[in-house]
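Architecture and fold: a report
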Amino acid sequence: MKKPLNSFGGLDLLASAVLVFNAEGRISHANPAAENLLENSSKALIGHTLTELFINHEELDEVFQQALEHKFADKRLDLTLERVGREPLQVHTVVTALDGPEAPVLIELRENVQQLKLDREERLIDQSQANKELIRNLAHEIKNPLGGIRGAAQLLELELPERHLKELREYTQVIIKEADRLQTLVDRLLAPHRSPHIVGDVNIHEVCERVRSLIVSEFPTGLKIKRDYDLSVPEFRGDKEQLIQAVLNIAHNAAQVLSSRMKTNDAEITIRTRIARQVTLAKVRYRLALDLHIIDNGPGIPPDIQDRIFYPLVSGRDGGSGLGLTLAQTFVQQHMGVIECDSRPGYTDFRILIPLP
């Protein structure tokens, strides 16, 4: 059944983007949500066609023509609409045939948040797999020559003449110590892939409390850690020590970037637990999931590394090893979960999602 449209005023109150087209296929009305989505003013949009808006307009054009011919009342489809010089739009599209001859077609565009989330998670998983291969290859290439360098330095030290031993031993010791430091770094990179996954019953609030006590002991003044727990979160099967390490790595990073705020006693970390429902992780739908947030009021993650913070050896902090978040993501993914991040100045939220029974 075709739907009459008497005025466009009500469309301006909708949260989804709405475009009204005339019989020539040109926009006659665009609501504020459409202005935001398409990054253009209503005045600039009016009079344009689908061909002018989108590069890959063919499918939408075809559906638009069917609406003009009243072959359906409304039709829904998921599209990726490409634009010149801007990011493609992942949208759920509703094309509706109207009664009015002056405005026969209405197109509603709803940003497909779920699809965007799935794509982001898929990238994280692919990135994690690439990280594992990189780490294994890197470790293999480093370990053997490193052992050779350390052994050669030790042999050289034994051959040093007695009269110069004290002066020259300093140099061989530098070689040995630096080789040991690099060996420790390689071992840390390989740790999550070597350690066995010890599964038992996990109470996430015991994990959070352990992390909280460790952070408080290291940063006793100037930092407030708020607890916002949902005690109805059930226990689940997992590796408690891995999860403690994952949450600790995130919380410890947060505490370190809050050093300037600690001096003014307004540094704050919030640990929040909730239950998320109907969650899709790695293309699998789960009825329930743990929804754990570690939130800080620090300076935020630099925009130029926000897309790479889970890569090995990428750090936004001077002196950081760039391994903490990589290991955290690895440990959480071993629990079929994922870590997401939302960051801006004054607010950084690391969100851990793990399926619940």
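In the block above lies the structure referred to throughout.
About the cut-offs
- Residues numbered from 1 in each chain as written.
- Predicted model: local features only at pLDDT ≥ 70, side-chain atom pairs only at ≥ 80, totals over all residues.
- Heavy atoms only, no water.
- Salt bridge = Lys/Arg side-chain N within 4 Å of Asp/Glu carboxyl O.
- Helix = DSSP H or I, 4+ residues; strand = E, 2+ residues; numbered from the N terminus.
- Buried < 20%, exposed > 50% of the residue type's maximum accessible area, 1.4 Å probe, protein only.
- Expected span 1.5 Å × (residues − 1).
- Polar contact = N/O pair within 3.5 Å; in protein donor to acceptor, adjacent residues only side chain to side chain.
- Pairing = 2+ DSSP bridges.
- Axes fitted to C-alpha atoms, helices over the stretch in contact; angles between N-to-C directions.
- Phe/Tyr/Trp six-rings, centres within 6.5 Å; stacked < 30°, edge-to-face > 60°.
- Core = buried A, V, L, I, M, F, W, Y, C linked by side-chain atoms within 4.5 Å.
- Contact = heavy atoms within 4.5 Å.

Further remarks concern the pattern of salt bridges. Evaluated as defined, the whole model comprises 18 salt bridges. Its salt-bridge partner being arginine 86, residue glutamate 39 comes within 3.8 Å of it at the nearest N-O pair. Taken together, the positions of glutamate 39 in the loop between helix H1 (32–38) and helix H2 (42–45) and arginine 86 in strand S4 (residues 86–97) put the pair 47 residues apart, joining distant regions of the chain. In this structure, the salt-bridge partner of aspartate 342 is arginine 344, at a minimum N-O distance of 3.5 Å. The exposure class of aspartate 342 is partly exposed, given its relative accessible area of 38%.

Attention shifts here to helix H10 (residues 324–333). Among the 10 residues that make up H10, 10 are buried, leaving the element largely enclosed by the rest of the structure. For H10, the complete set of buried residues consists of Gly324, Leu325, Thr326, Leu327, Ala328, Gln329, Thr330, Phe331, Val332 and Gln333.

Before going further, it helps to spend a moment on helix H8 (residues 240–257). An ideal rise of 1.5 Å per residue puts 26 Å on 18 residues; H8 measures up with 26 Å between its terminal C-alpha atoms. All buried positions along H8 are accounted for by Gln242, Leu243, Ile244, Ala246, Val247, Leu248, Asn249, Ile250, Ala251, Ala254 and Ala255. Of the residues that open H8, the one with a side-chain oxygen 3.2 Å from the backbone nitrogen of glutamate 241 is aspartate 239.

All right, on to the sheet that holds strand S1 (residues 17–21) then. Strands sit in the order S2-S1-S5-S4-S3 across an open sheet of 5 strands; the sheet is antiparallel. Of all the strands in the sheet, just strand S2 (27–30) and strand S3 (74–83) have a single pairing partner and so form its edges. The average undirected angle you get between the axes of adjacent strands in this sheet is 25 degrees. Inspection of the sheet shows S1 paired to S2 by 3 bridges, in the antiparallel sense. In the sheet register, valine 20 faces S2, and the bridge partner there is histidine 29.

Another aspect to go through is the packing of aromatic side chains. Remark: the centre distance and the inter-plane angle together describe each pair of aromatic rings, the angle taken between the planes. The final tally for this structure, using the stated rule, is 1 aromatic pair. Ring geometry for phenylalanine 21 and phenylalanine 64: centres 5.4 Å apart, planes at 70 degrees, overall edge-to-face. Within this pair, whereas phenylalanine 21 is found in strand S1, its partner phenylalanine 64 is found in helix H4 (residues 58–68), the two being separated by 43 residues in sequence. Considered together, phenylalanine 21 and phenylalanine 64 belong to a single accessibility category, that of buried residues.

All right, on to the nonpolar core then. By size, the foremost hydrophobic cluster in this structure holds 45 residues, and its most contacted members are Ile215, Leu223, Ile269, Leu292 and Ile352. Contributing elements (two or more residues each) for this core: helix H7 (204–218), strand S7 (223–228), H8, strand S9 (267–281), strand S10 (284–296), H10 and strand S12 (347–355). If we skip the residues at most four places from it in the chain, isoleucine 215 touches Leu223, Ile225, Leu248, Ala251, His252 and Ala255. Counting 27 residues, the second largest nonpolar core, distinct from the first, contains Leu19, Val63, Phe64 and Leu79.

Let's shift gears to the sheet that holds S9. Here 5 strands make up an open sheet; going across it, the order is S7-S9-S10-S12-S11 and the pairing mixed. Lying at the two open borders of the sheet, with one neighbouring strand each, are S7 and strand S11 (338–344). On average, each strand axis in the sheet is tilted by 20 degrees relative to the strand beside it, whichever way the strands run. Pairing geometry for S9 and S10, over 12 bridges, is antiparallel. Residue pairing for S10: valine 279 is matched across the bridge by tyrosine 286. Across the sheet, H8 lies against S7, S9, S10, S11 and S12, angled at about 35 degrees from S10, the strand it touches most.

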